[in-house]
Amino acid sequence: MTDIPMRGGSAGASGDAPFDAVATFERHRAELKASKRVWNLLALGAFTIALGLSIWISQFYPERLAEGVPRIFEYFGTIMPDLQWDRLFEGRDAQGNAVPGSIIFWYTDFWTYVELLWETILMAITASLLGTAVAFVLSFPAAANLAPNGWVYWFSRRFLEFCRGVPEILLALVFVFAIGIGPLAGVLAIAIHTAGALGKLFAEVNENASDRPVEGITAVGGSWTEKMLYGVVPQVMPNFFSYAMLRFEINVRASSIIGFVGAGGIGAELNRVISFYSDDRVLAVLILVILMVTIIDLISEDIRHRFIGKENF
Amino acid sequence: MLKLDKLTRRFGDNLAVNNANLTIPDGQMVGIIGRSGAGKSTLLRLLNRLIDPSEGQILFGDHDIARLKGKELRAWRSDCAMIFQQFNLVGRLDVVTNVLTGRLHDMTAWRTVAQVFTPRERAFAIQALDRLGMAHTALQRAETLSGGQQQRVAIARALAQEPKILLADEPIASLDPMNAKVVMDALRDINRQDGITVICNLHTLDTARSYCDRIIGMQDGRVVFDGTPDQLTNSMAREIYGAEADEAFNEAATSTSIPTSEPAPARVPA
């Protein structure tokens with residue numbers, strides 16, 4: 001790279017005015033970097049202190065980790081099925097009993113699990129639909145650029161914060177207490193959390209929507225609702241759909257856990273086999289849960305990609 | 001008849017529109033000229049209350065438009081259609097639905113929510129589109145159209161409102177000369193045939209001269225000229241435009257005059 005010829009003489013030789021542009025720039029750059037360096041060092045220091053504190057408080061020490069890791073494998077040892085190759089595919093005998101060592105013996109309660117998994121998926125679908133509906137309605141007053149007035153904005157924001165601030169499991173406990181053990185409690189808990197989390201995301205999508213179509217609908221004499229429905233909704237629908245599908249994937253996982261507190265789904269069964277037996281039944285349930293979550297994720301991802309693909313022609 | 005009485009709008013310390021007094025009879029085609037920031041756009045937006053006035057009155061018949069609220073304000077906006085420089089269509093809705101939004105004001109709540117339009121409303125919208133030569137695009141998404149086509153759809157939407165007044169805020173500033181001519185011809189046609197008052201912000205002088213019955217010049221928020229195109233002398237126009245005079249007098253990019261000897265110039269990127 002050769003020097004760029006500059007007005008006012010040979011490069012660097014003299015302190016001519018045109019060179020001062022370069023020198024000034026370099027000086028400002030150095031100053032900027034220096035001032036950034038101070039902040040970076042401060043941030044690094046604060047981070048190190050926070051990390052040290054959290055390690056100390058959580059007792060996250062290497063030797064404890066070293067002690068714990070084998071126990072994880074130990075636990076897996078206890079939940080491993082005792083499968084035998086020669087009997088693996090053997091059916092039930094004349095008395096209708098499964099042969100120990102066969103898959104049928106390991107998965108004696110297979111159809112119970114499937115029924116519960118189905119319940120889990122239905123819970124996730126219902127909760128996602130309910131939550132998305134509430135999030136949809138509240139996302140317009142909760143968007144800073146669309147809210148009809150400050151009060152409505154403030155209240156819808158705070159309501160959404162409350163909905164997503166309370167952990168699902170806590171909501172589930174309350175609902176189990178209030179309306180009894182069963183999937184309804186779980187559906188309500190997940191729906192409320194979904195409304196809060198999606199409502200915020202939807203509101204942010206709304207805030208990014210172009211105001212030109214909205215102005216267009218204002219100018220034809222449209223009411224607030226009409227401005228939202230005709231001016232904003234067509235713009236934000238693809239994003240809403242994508243976020244709602246992502247949330248559905250999260251809700252499938254959430255609804256398989258929420259049964260631990262009696263709020264329906266496969267979680268109750270998982271809790272039961274862990275607390276009462278801690279044997280190969282735990283692994284049997286875990287495998288099915290992981291399979292279900294993976295399959296749902298794949299299907300949902302496929303739908304989202306098809307949808308996005310279609311949107312972009 | 002539209003009457004502006006001491007109409008003023010402040011933004012902070014800045015007087016965007018300063019004490020405007022105008023009387024616009026029904027059926028007139030009015031061009032508002034002036035350089036950027038002269039207050040043309042603010043004046044137009046005051047008329048359909050996209051911006052609220054700070055002081056003064058806007059009288060239409062016996063009603064003071066400046067005081068309207070809620071339902072009455074929406075009714076006024078429905079009577080006072082507007083087209084915009086950037087068209088302001090809903091890009092992801094199809095063309096005919098965009099035009100049908102011009103009917104929203106007369107529709108019952110459940111029909112607007114469910115997007116149910118009657119066959120009569122659809123026929124009306126298609127006729128409006130057909131008048132602008134855009135009926136063939138009715139089922140296309142608005143965002144797939146070119147700028148000139150979108151502006152014609154926007155005019156069809158305005159027609160669907162069956163307005164008494166049509167406001168046009170720099171309707172041709174984003175268009176090439178060919179499309180600019182089509183759009184201005186359409187506005188003149190609506191003014192002549194339907195007797196709708198057209199009030200149009202224009203940046204270029206020759207367009208205002210060749211299309212409008214009356215020209216209003218604005219400078220720093222004040223109305224500094226009000227008269228026929230003949231009364232607008234070159235020296236007067238130079239004063240209105242100030243530093244932008246050369247651009248306004250001779251800006252091929254947004255002018256509607258197409259040279260006949262050579263083909264229309266290619267579209268100039270914005």
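Here the residue numbering is sequential within each chain, running from 1 through the sequence in written order. Just so you know, chain letters begin at A and ligand numbers begin at 1, following the order they were written in. Local features in a predicted model are, by the rule used here, given only for residues with pLDDT of at least 70; side-chain atom pairs are given and counted only at 80 or more, and totals for whole chains, interfaces and linings are based on all residues.

Another aspect to go through is the interface of chain A and chain B. On the side of chain B, 22 residues touch chain A, which itself brings 17 residues to the contact. Of all the elements in the fold, those that place two or more residues in the side of chain A that touches chain B are helix H8 (212-219) and helix H9 (224-257) of chain A. Only DSSP runs of H or I reaching four residues or more are called helices, and only runs of E reaching two or more are called strands; each is numbered from the N terminus. Here the side of chain A that touches chain B takes seven residues from H8 of chain A, the largest share from any one element. Split into classes, the residues belonging to the side of chain A that touches chain B amount to seven nonpolar, seven polar and three charged. Two residues qualify as a contact pair if the distance between their C-beta atoms, derived from the backbone, is within 7 Å. When residue character is reported, Ala, Val, Leu, Ile, Met, Phe, Trp, Tyr, Cys and Pro are called nonpolar, Asp, Glu, Lys and Arg charged, and the others, Gly included, polar.

Looking now at unusual backbone geometry. Residues and elements named next belong to chain B. One non-glycine residue with positive phi stands out, namely Phe87, at about 70°. You can see Phe87 is positioned in the loop between strand E6 (80-83) and helix H3 (95-100). Unusually for a residue other than glycine, Glu170 sits at a positive phi of about 50°. Structurally, the position occupied by Glu170 is in the loop between strand E7 (165-169) and helix H7 (177-194).

Attention shifts here to the confidence of the model for chain A. pLDDT measures the predictor's confidence residue by residue and takes values from 0 up to 100. Residue-level pLDDT values for chain A average 87, and 92% of them are 70 or greater. Contacts of residues 8-13 of chain A to residues separated by more than four positions or lying in other chains number eight contacts, the stretch itself having pLDDT below 50.

This part takes up the sheet that holds strand E4 (residues 55-60) of chain B. Residue and element names in this part refer to chain B. If you trace the four strands from one edge of the open sheet to the other, you get E2-E1-E4-E5, paired in antiparallel fashion. Since the sheet does not close on itself, it has two edges, and those belong to strand E2 (14-24) and strand E5 (63-64), each with one partner. Strands pair, by our definition, only if DSSP identifies at least two bridges between them. Summarising the sheet, strand E1 (residues 2-11) and E2 pair through seven bridges and their orientation is antiparallel. Looking across to E2, one finds that Leu4 is bridged to Leu22.

Residue and element names in this part refer to chain A. Axis geometry follows a simple rule: fit a line to the C-alpha atoms, using only the stretch in contact for helices, then measure angles between N-to-C directions, giving values from 0 to 180 degrees. Contact geometry for helix H4 (residues 110-139) and H9: axes closest at 8 Å, N-to-C directions at 140°. As judged from the angle between their axes, H4 and H9 are oblique. The interaxial crossing formed by H4 with H9 has right-handed handedness. Between H4 and H9, the contacting residues are Thr120, Ile121, Met123, Ala124, Ala127, Ser128, Thr132 and Phe136 on the first element and Phe240, Ala244, Arg247, Phe248, Asn251, Val252, Ser255 and Ser256 on the second. Along the lines of polarity and charge, the residues of the contact of H4 with H9 split into nine nonpolar, six polar and one charged. What sets the label is the angle itself: under 35 degrees gives roughly parallel, over 145 gives roughly antiparallel, 65 to 115 gives roughly perpendicular, and the rest give oblique. Crossing handedness is defined as follows: a turn of the near helix away from the far one that is anticlockwise and smaller than a right angle gives a left-handed crossing, while the clockwise case is right-handed.

Take the environment of Pro183 of chain A next. When you line up the elements, Pro183 of chain A lands in helix H7 (residues 183-207). Beyond its immediate sequence surroundings of up to four residues, Pro183 of chain A is in contact with Glu119, Met123, Gly264 and Gly265 of chain A.

Residue and element names in this part refer to chain B. Exposed residues have 12 or fewer other C-beta atoms within 10 Å of their own C-beta, buried residues have 20 or more, and partly exposed residues fall in between, where C-beta atoms are placed from the backbone. In terms of residue burial, E7 counts as a mostly covered element, since five of its five residues are buried. The alternating pattern of E7 places Ile165, Leu167 and Asp169 on one face and Leu166 and Ala168 on the opposite face, and all of these are buried. In this structure, E6 lies alongside E7, joined through four bridges in parallel fashion. Bridge pairing links Cys80 to Ile165 in E7.

This part is about the environment of Met107 of chain B. All names here are of chain B. Position of Met107 among the secondary structure elements: in the loop between H3 and helix H4 (109-114). C-beta crowding within 10 Å serves as the criterion here: with 18 such atoms nearby, Met107 is assigned to the partly exposed category. A sequence separation of 89 residues divides Met107 from Asn18, and the C-alpha atoms of the two residues are 38 Å apart.

For the rest of this paragraph, the subject is H8 of chain A. Burial analysis of H8 of chain A places six of its eight residues in the buried class, the great majority of the element. Taken residue by residue, H8 of chain A has Pro213, Val214, Gly216, Ile217, Thr218 and Ala219 of chain A as its buried positions. Summarising the contacts, the buried residues of H8 of chain A are in contact with H9 of chain A together with helix H2 (70-79) and E6 of chain B. Two residues or fewer past H8 of chain A, Gly221 of chain A is found with a positive phi of approximately 95°.

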